[in-house]
Amino acid sequence: MTATHADQLIAGYLARLADAAKALPQGPRTELLDDMRRHIAEARARESGEETDATILNILDRLGEPSVVVAETRERLGLQAVQPYRPGILEIGALILLVLFWPIGVVLLWISPAWNLRDRLIGTLLPPGGFMGVLIFGLSVATVQGPSCGGTTQFGALHEMCSPTAEQTAFAAIVGILLLILPLITTAYLAIRLRWGRPAMMRFA
Amino acid sequence: MCYILAVPTDGLVSQMRRGALEYCVLALIRDTPRYAFELIDALGKTGMLTTEGTLYPLLSRLRRDGLVKTEWRESTDGPPRRYYELTAEGRRALTAFRNEWVSFRAAVDGILQEAKKS
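Residues numbered from 1 in each chain as written. Chains lettered and ligands numbered in written order. Predicted model: local features only at pLDDT ≥ 70, side-chain atom pairs only at ≥ 80, totals over all residues.

Draft legend 1. Region of interest: the overall build of chain A. Secondary structure summary: chain A contains 10 helices and 2 strands in total. Expressed as a percentage of the 205 residues in chain A, the buried residues total 21%. Looking at chain A alone, contacts between residues at least 24 apart form 68% of all its contacts between residues at least 6 apart. (Helix = DSSP H or I, 4+ residues; strand = E, 2+ residues; numbered from the N terminus. Buried ≥ 20, exposed ≤ 12 C-beta atoms within 10 Å, placed from the backbone. Contact = placed C-beta atoms within 7 Å.)

Dropping the structure here:
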């Protein structure tokens, strides 16, 4: 066996083919790659005599350039290139408002076709209400805590009457920071999920 | 064949070849199911297929259109082979093409002969 690079050559060809076929729909892409893999196996089995690297190179040459085979698939199956949705002002607005003014931000999040259902649910549920939600949450905690501490909701009095322990202060600080950071993390996640500059995909016409 | 290759309007000839190729495949499996390599051998000999890999998209297309159906068969000297077989619809498509082709060829031949005489 003198085809010392056979596996490498074939893997390289198939990798280039897989790359060229990236834009094809799942079904035709899998079928094409399977057909090519089987063709190569069959061609190797048919070759009589000792297999050399040249044998493999000839098989791959006759098979054709991956881009040519993929172009043929596109034409034969009548596939059309579809430009993916390009994120724009709507998405930027949604991201900013999700943090600053949540109700409108969440509406934009659901209007925009750039996010899928999971992204939208995460954007809606995870840090409920953006910074506005945090503010409301903080106030409600303050009013609930107020009476239990000293029967007054006035902030000045609160400080005098309830002296929280060091642990309580630390805990409140951590929760507060978490609440402030969470909306930013979610927004960053949604920004990443936008996948700016996605390549065009092929669809059945 | 040499004449065809020398024609400058390569786009037209290759389009005609592409169009006719799918019916050549249907014709090759008219009587007996064949696997891809048998088709490649037969088409390669006549110069109808130069890039072997482009046969597979064509076969996928014929299968999607219901003109051929496929069946896996074990082979004695290698991996299992997928055999392509003509369906009733494929047979109808082939007959229709054959009729069209015969009258088309006759018409073009007739005109070319006339032009040569004058």
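Having put the structure on the table, let's press on.
Draft legend 2. View of the interface of chain A and chain B. Contact with chain A, which involves 20 residues of that partner, is made by 14 residues of chain B. When contributions to the side of chain A that touches chain B are tallied by element, the ones reaching two or more residues are α2 (26-46), α3 (53-63) and α4 (66-76) of chain A. When residues of the side of chain A that touches chain B are assigned to their parent elements, the largest contribution, 11 residues, is made by α2 of chain A.

Draft legend 3. Structural detail: the packing of helix α1 (residues 6-20) of chain A against α3 of chain A. Residues and elements named next belong to chain A. Orientation of α1 relative to α3, taken along the N-to-C sense of each, is 15 degrees, at an axis distance of 9 Å. Between α1 and α3, the crossing angle belongs to the class labelled roughly parallel. As for how α1 packs across α3, the hand of that crossing is right-handed. On α3, the residues that touch Ala-6, Leu-9, Ile-10 and Tyr-13 of α1 are Asp-53, Ile-56, Leu-57 and Leu-60. Partitioning the contact of α1 with α3 into residue classes produces 7 nonpolar, no polar and 1 charged. (Axes fitted to C-alpha atoms, helices over the stretch in contact; angles between N-to-C directions. Parallel < 35°, antiparallel > 145°, perpendicular 65-115°, else oblique. Left-handed = near helix turned anticlockwise from the far one by under 90°. Nonpolar A, V, L, I, M, F, W, Y, C, P; charged D, E, K, R; others polar.)

Draft legend 4. Quick peek at the confidence of the model for chain B. All names here are of chain B. Overall, the predicted model of chain B reaches an average pLDDT of 89, with 92% of residues at or above 70. Confidence scores differ between elements of chain B, with helix α1 (residues 2-6) showing the lowest mean pLDDT of 47 and strand β1 (residues 34-35) the highest of 96. Across residues 1-5 the pLDDT falls below 50, and counting only partners more than four positions away or on other chains, this stretch makes 2 contacts in the model. Overall fold confidence (pTM) sits at 0.66, and the ipTM for the predicted complex is 0.83. (pLDDT = per-residue confidence, 0-100.)

Draft legend 5. The arrangement of the nonpolar core in detail. Core analysis: the biggest nonpolar cluster contains 32 residues, and Leu-55 and Leu-59 of chain B have the highest contact counts within it. At the level of elements, α1, α2, α3 and α4 of chain A together with α2 (10-28), α3 (36-45), α4 (55-64) and β3 (81-86) of chain B are the ones that each hand at least two residues to this core. The contacts of Leu-55 of chain B, once residues within four sequence positions are left out, are Ala-36, Leu-39, Ile-40 and Leu-49 of chain B. Formed by 10 residues, the second largest nonpolar core is a distinct cluster that contains Leu-95, Leu-109, Trp-115 and Leu-190 of chain A. (Core = buried A, V, L, I, M, F, W, Y, C linked by C-beta atoms within 7 Å.)

Draft legend 6. Representation of the sheet that holds strand β2 (residues 68-73) of chain B within the structure. Pairing is antiparallel across the open sheet formed by 3 strands, whose spatial order is β1-β3-β2 (chain B). In the strand order of this sheet, the two ends are held by β1 and β2 of chain B, each with one partner. (Pairing = 2+ DSSP bridges.)

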